Amino acid sequence: MSEAGADIILEARSLEKVFASGQEKLRILDGLDLAVPGGRSLAILGASGSGKSTLLYILGGLEKPSGGQVLYEGRELFSRSEEDLAAWRNRVVGFVFQFHHLLNDFTALENAALPARLAGYPPEAAEALARPLLDRVGLSARLTHKPGELSGGEQQRVALARALVMSPRILLADEPTGNLDLKSAGAVNGLILELVAEKKLAAVIVTHNSQLAALVDQPMELNAGRLAPAGREAL
Ligand SMILES: Nc1ncnc2c1ncn2[C@@H]1O[C@H](COP(=O)(O)OP(=O)(O)OP(=O)(O)O)[C@@H](O)[C@H]1O
Ligand SMILES: [Mg+2]
């Protein structure tokens, strides 16, 4: 038995992703393997265009690989029905995108509550789940603000609260602070790492931010379609 919490929760095996570009085929992921232990944080670094977002979307069940497998608790993800996969995404995975992808006409509270609404909770119950998370990310005084009335850092905090509202076991974040100034990025990154630790989440965080990559359990680099551990001296 491995150390508590360190069992593999999400695994990619021999992952391939090929995009057609005119006559050419772009082999973006090329036999990629990855094991994400429960409760551990990984960062993925890599050049622009190396396939980091593509990998994260596949790990989160948002996009299908061209070959290989993704296993959640040992069970293949993409053999599930669309309905089952959507329910898995809703209940197991929290996703934070580079650009917040909040709904502009919804308040911070409604946005953060949205995954719970999609899961069938009535509005009051969904908002009761979202409120403590918005409080935790420092936004209890911004509940009725719409995204356009929030700063970039605040928008990403709402997106983080939304990602966590269904108490997922896995957090996937695609350059969550890539669009923020250094100070806001530092604050949001700090919050992400605190919440990952508090809630014992498995996390895969794509980042160009070496400060963040240095603080996770395992920084990895995506290069030529595969992952390798990134040396801490390179961060
Ligand atoms: N739907 C698509 N069709 C064709 N090519 C695609 C598609 N999506 C991504 N690509 C290509 O795959 C490569 C990897 O894209 P991806 O967005 O995963 O890179 P990335 O590492 O996230 O880059 P960045 O750091 O700039 O966000 C890029 O060259 C991109 O042009
Ligand atoms: Mg990307």
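An account of the accompanying structure is given in this report. Keep in mind that this is a model prediction, so the values were computed, not measured. Each chain has its residues counted from 1, running along the sequence as written. For this description, chains carry letters from A and ligands carry numbers from 1, given in the order in which they are written. The model is predicted, so local features are restricted to residues of pLDDT at least 70 and side-chain atom pairs to those at 80 or more, both for listing and for counting; the totals for chains, interfaces and linings are taken over all residues. Only hydrogens and water are set aside when side-chain values are computed; all heavy atoms of the structure are taken into account.

Before going further, it helps to spend a moment on helix H2 (residues 82–92). The rule is simple: take the accessible area with a 1.4 Å probe, protein chains only, and divide by the maximum for that residue type; under 20% is buried, over 50% is exposed, in between is partly exposed. The secondary structure listing takes helices from DSSP runs of H or I that are at least 4 residues long and strands from runs of E that are at least 2 residues long, numbered from the N terminus. Leu85, Trp88, Asn90 and Val92 are the residues of H2 that are buried. Working rule for contacts: check all heavy atoms of both residues, and any pair within 4.5 Å makes them a contact. On its buried side, H2 packs onto strand S1 (8–21), helix H1 (52–59), strand S4 (67–72), strand S6 (93–96), helix H3 (108–118) and strand S7 (170–174).

Each aromatic ring pair is specified by the distance between its two centres and by the angle formed by the two planes. Stacked, tilted and edge-to-face pairs are distinguished by plane angle, under 30 degrees for stacked and over 60 for edge-to-face with tilted covering the rest, among Phe, Tyr and Trp rings (Trp via its six-membered ring) whose centres lie within 6.5 Å. Applying the stated criterion across every chain, the model contains 4 aromatic pairs. Both rings, one in Tyr57 and one in Phe95, keep their centres 5.5 Å apart while their planes meet at 80°; by these two values the pair is edge-to-face. Here Tyr57 is found in helix H1, whereas its partner Phe95 is found in strand S6, with 38 residues between them in sequence. Overall, Tyr57 belongs to the partly exposed group, its relative accessible area being 24%. Ring centres of Tyr57 and Phe97 lie 6.1 Å apart, and the angle between their planes is 75°; on these two criteria the pair is classed as edge-to-face. In this pair, Tyr57 is assigned in helix H1 and Phe97 in the loop between S6 and H3, connecting sequence segments 40 residues apart. By the ring-pair criterion, three or more aromatic residues cluster together here, those being Tyr57, Phe95 and Phe97.

Okay, unusual backbone geometry next. Here the phi dihedral of Ser14 falls at roughly 50°; this positive angle occurs in a residue that is not glycine. Among the structural elements, Ser14 can be located in strand S1. Residue class for Ser14 comes out partly exposed when judged on its relative accessible area of 41%. In this model, Glu175 sits at a positive phi of 45°, which is unusual for a non-glycine residue. Structurally, the position occupied by Glu175 is in the loop between S7 and helix H6 (182–198). Given a relative accessible area of 14%, Glu175 falls into the buried group.

Every buried residue belonging to H3 is among Ala108, Leu109, Asn111, Ala112, Ala113, Pro115 and Ala116, and all of these are buried. Residues of H3 that are buried in the fold lie against H2, helix H4 (123–136) and helix H5 (152–164). A positive backbone phi angle near 105° is found at Gly120, which sits one or two residues after H3.

This part takes up the site of ligand 1. Residues are counted as near a molecule or strand when any one of their heavy atoms sits within 4 Å of it. All residues adjacent to ligand 1 are Phe19, Ile28, Ala47, Ser48, Gly49, Ser50, Gly51, Lys52, Ser53, Thr54, Glu175 and His208. Nitrogen and oxygen atoms within 3.5 Å of one another constitute a polar contact, given that in protein one can donate a hydrogen and the other can accept it, and given that sequence-neighbouring residues count only through two side-chain atoms. For ligand 1, an oxygen atom lies 2.9 Å from a polar atom in the side chain of Ser53. Glu175 places a side-chain nitrogen or oxygen 3.5 Å from an oxygen atom of ligand 1. Each accessible area value is a Shrake-Rupley result obtained with a 1.4 Å probe; residue values ignore everything except the protein chains displayed when judging cover. Coverage of ligand 1 by the protein amounts to 59% of the 640 Å² it exposes when considered alone. Here the shell around ligand 1 gets 3 residues from one element, more than from any other, and that element is H1. Partitioning the shell around ligand 1 into residue classes produces 3 nonpolar, 7 polar and 2 charged. Three classes are used: nonpolar for Ala, Val, Leu, Ile, Met, Phe, Trp, Tyr, Cys and Pro, charged for Asp, Glu, Lys and Arg, and polar for all others, with Gly counted as polar.

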